[in-house]
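Residue-level listing of the chains:
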Amino acid sequence: MKYILLEIRLFFVCMSFLTRIPSPRWVGFKEEWLHHSIKYSPTVGLILGCLQFFVFVLFQILFKPTIAFTLSVGFLLIITGAFHEDGFSDFCDGIGGGWKRDDILRIMKDSRVGSFGAVGISLLVLLKILGVSESFRLYEKNGFIFTVNSKSEFQLLSVWLYFISAHSFSRFLSVFMMKLLPYAKEEGYAKPMAKEITWPQILFASLLGVIPYLALVYLHPNFLFSLLCIIPSYFYMFSLMKRWIQGFTGDCLGAVQQVVETCVWISGVFLWTSI
């Protein structure tokens, strides 16, 4: 019973760390729980994907899919406090504006948004919306998810898996990056979470981090082509971190999550062409 209660607490600690969703008061907090809770990051991603999917379906009753998706992105930014987007912006500023390791880390720590960060986050959000818009343009030929036909339930399941895969798979790969590289700073916001990442934690994170993605690939084998976008982007991020700061920071993990999520969104063109 104590083990189950601890795991519930770890889940809520992770959710309150990554989002603005408040935890029940009885959960409490200990700093030592942070590095144990990171395994629930894909689980939090799955919940966020479900929430975004619900908002998207709700607004699609009134608007076209592109507008509905844009509103769902805005909703998610409010729920998460743009936590990972801020990390991506800081990462762009640091890598783009610094020439030495210490300079890059100092720039990343600066709360102000620079030119590289502003341009980077603008392009990122634009890629998400335009990528999904192109995907839905292909899908609208079939009437989208409100068409009543023999495939309607199958299509609804595909859209749901598409949404949750973008969030759960990207957060799993962000957690996995913590196993590939050491923490780059002596102290930092992510330091308590960064230590003692074990293979059992990685395996646990993979359950809800990878299975939705694999289910989507099983339903639509064409979506496997998304790896042609995800894998090079992921290892490019890895190479940048290893070369310039010899490790990762919290901003780096946020940047990895955002890049992989965007790759999943724009890979929807492989998904809808198989329906």
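These numbers were taken from a predicted model, which means no experiment stands behind them.

Undergrad: Whenever I open this one, a nonpolar patch on the surface confuses me. Can you help?
TA: A contiguous nonpolar patch, built from Phe54, Leu58, Ile61, Leu62, Phe63, Ile67 and Leu71 and spanning about 710 Å² of accessible area, is present on the exposed surface. When contributions to the nonpolar patch are tallied by element, the ones reaching two or more residues are α3 (41-60) and α4 (65-80). Among the structural elements, Ile67 can be located in helix α4.

Undergrad: Is there a simple way to explain the nonpolar core in this structure?
TA: General note: in soluble globular proteins, nonpolar side chains tend to be found buried as a group. Counting residues in each nonpolar core, the largest one holds 59 residues, and the members touching the most others are Phe69, Phe91, Phe163 and Met241. When residues no more than four places from it in sequence are discounted, the contact partners of Phe69 are Gln52, Phe56, Lys128, Ile129, Val132, Phe136, Phe163 and Trp265. Of all hydrophobic cores here, the second largest spans 16 residues; its members include Phe11, Cys14, Met15 and Leu76.

Undergrad: Looking at this model, I keep getting lost on the packing of α3 against helix α10 (residues 199-219). Mind explaining?
TA: For any two helices packed against each other, the geometry comes down to the angle between their axes and how far apart the axes lie. Relative to each other, α3 and α10 sit at 40°, their axes nearing to 7 Å. Accordingly, the angle class assigned to the pair α3 and α10 is oblique. Contacts between α3 and α10 involve Pro42, Thr43 and Leu46 on the former and, on the latter, Ala205, Leu208, Gly209 and Pro212.

Undergrad: How should the environment of Ala215 be read in this particular structure?
TA: If you trace the backbone, Ala215 turns up in helix α10. A C-alpha to C-alpha distance of 9.2 Å links Ala215 and Ser165, two positions 50 residues apart in sequence.

Undergrad: I tried to follow the pattern of salt bridges on my own but got confused; where do I start?
TA: Any two side chains of opposite charge can pair, so long as their charged atoms come close to each other. The full count for this structure, using the stated rule, is 4 salt bridges. Between Lys128 and Glu85 there is a salt bridge, with the nearest N and O atoms lying 3.7 Å from each other. Of this pair, Lys128 sits in helix α7 (residues 115-139) while Glu85 sits in helix α5 (residues 83-97), placing them 43 residues apart in sequence. Residue classification places Lys128 among the buried positions, given a relative accessible area of 4%. Put simply, Glu85, Lys128 and Glu261 are held in one network by salt bridges that share partners.

Undergrad: Sorry if this is basic, but what is going on with the confidence of the model for the protein here?
TA: Caution applies to low-pLDDT parts of the model: their predicted coordinates are not meant to be read in detail. In the predicted model, the protein carries a mean pLDDT of 84, and the fraction of residues at 70 or more is 88%. When the criterion is pLDDT under 50, residues 142-150 qualifies, and its contacts beyond four places in sequence or with other chains add up to 20 contacts.

Undergrad: Mind showing me how you'd approach empty space enclosed by the protein here?
TA: Over the atoms, a rolling probe the size of a water molecule traces out where space has been left empty. As enumerated under the stated definition, the model contains 1 cavity of 30 Å³ or more in all. The wall of the largest cavity is formed by 14 residues, among which Leu76, Glu85, Lys128, His167 and Glu261 lie closest to the centre. Breaking the lining of the largest cavity down by element, the ones donating at least two residues are α4, α5, α8 (152-180) and α12 (250-266). Partitioning the lining of the largest cavity into residue classes produces 4 nonpolar, 6 polar and 4 charged.

Definitions and limits used
- Position numbers for residues count from 1 along each chain, tracking the sequence in the order it is written.
- Note on the predicted model: pLDDT of at least 70 is required for a residue's local features to be given, and 80 or more for side-chain atom pairs to be given and counted; whole-chain, interface and lining totals, by contrast, use all residues.
- The side-chain quantities take in all heavy atoms of the structure and omit both hydrogens and water.
- Surface patches are drawn from residues lacking salt bridges whose relative accessible area is over 30%; two like charges belong together within 9 Å, two nonpolar side chains (Val, Leu, Ile, Met, Phe, Trp, Tyr) within 5 Å.
- Here, Shrake-Rupley sampling with a 1.4 Å probe gives the accessible areas, and only protein chains in the shown set may cover a residue.
- One speaks of a salt bridge when a side-chain nitrogen belonging to Lys or Arg is within 4 Å of a carboxyl oxygen belonging to Asp or Glu.
- Only DSSP runs of H or I with at least four residues qualify as helices, and only runs of E with at least two residues qualify as strands; both kinds are numbered from the N terminus onward.
- In these notes, a set of buried Ala, Val, Leu, Ile, Met, Phe, Trp, Tyr and Cys residues joined through side-chain atoms within 4.5 Å is what counts as a nonpolar core.
- Accessibility here uses a 1.4 Å probe with only protein chains present; expressed as a share of the type maximum, an area under 20% marks a residue as buried, one over 50% as exposed, and anything in between as partly exposed.
- Here a residue-residue contact requires only that any non-hydrogen atoms of the pair lie within 4.5 Å.
- To obtain an axis, a line is fitted to C-alpha atoms, over the contacting stretch when the element is a helix, and the angle between two such axes runs from 0 to 180 degrees between their N-to-C directions.
- Reported orientations rely on four angle classes, namely roughly parallel under 35 degrees, roughly antiparallel over 145, roughly perpendicular from 65 to 115, and oblique for the rest.
- Residue-level confidence of the predictor, termed pLDDT, takes values from 0 up to 100.
- A pocket, in this scheme, is an open set of points on a 1 Å grid over the protein atoms alone with protein on both sides within 12 Å along at least 5 of 7 lines, while a cavity is a set where a 1.4 Å probe fits but cannot get out; residues line either one if an atom lies within 4 Å of a point.
- Grid points are joined across faces, edges and corners, and a volume is the space filled by probe spheres set on the points.
- Each residue is assigned to one of three groups, with Ala, Val, Leu, Ile, Met, Phe, Trp, Tyr, Cys and Pro labelled nonpolar, Asp, Glu, Lys and Arg labelled charged, and all others, Gly among them, labelled polar.

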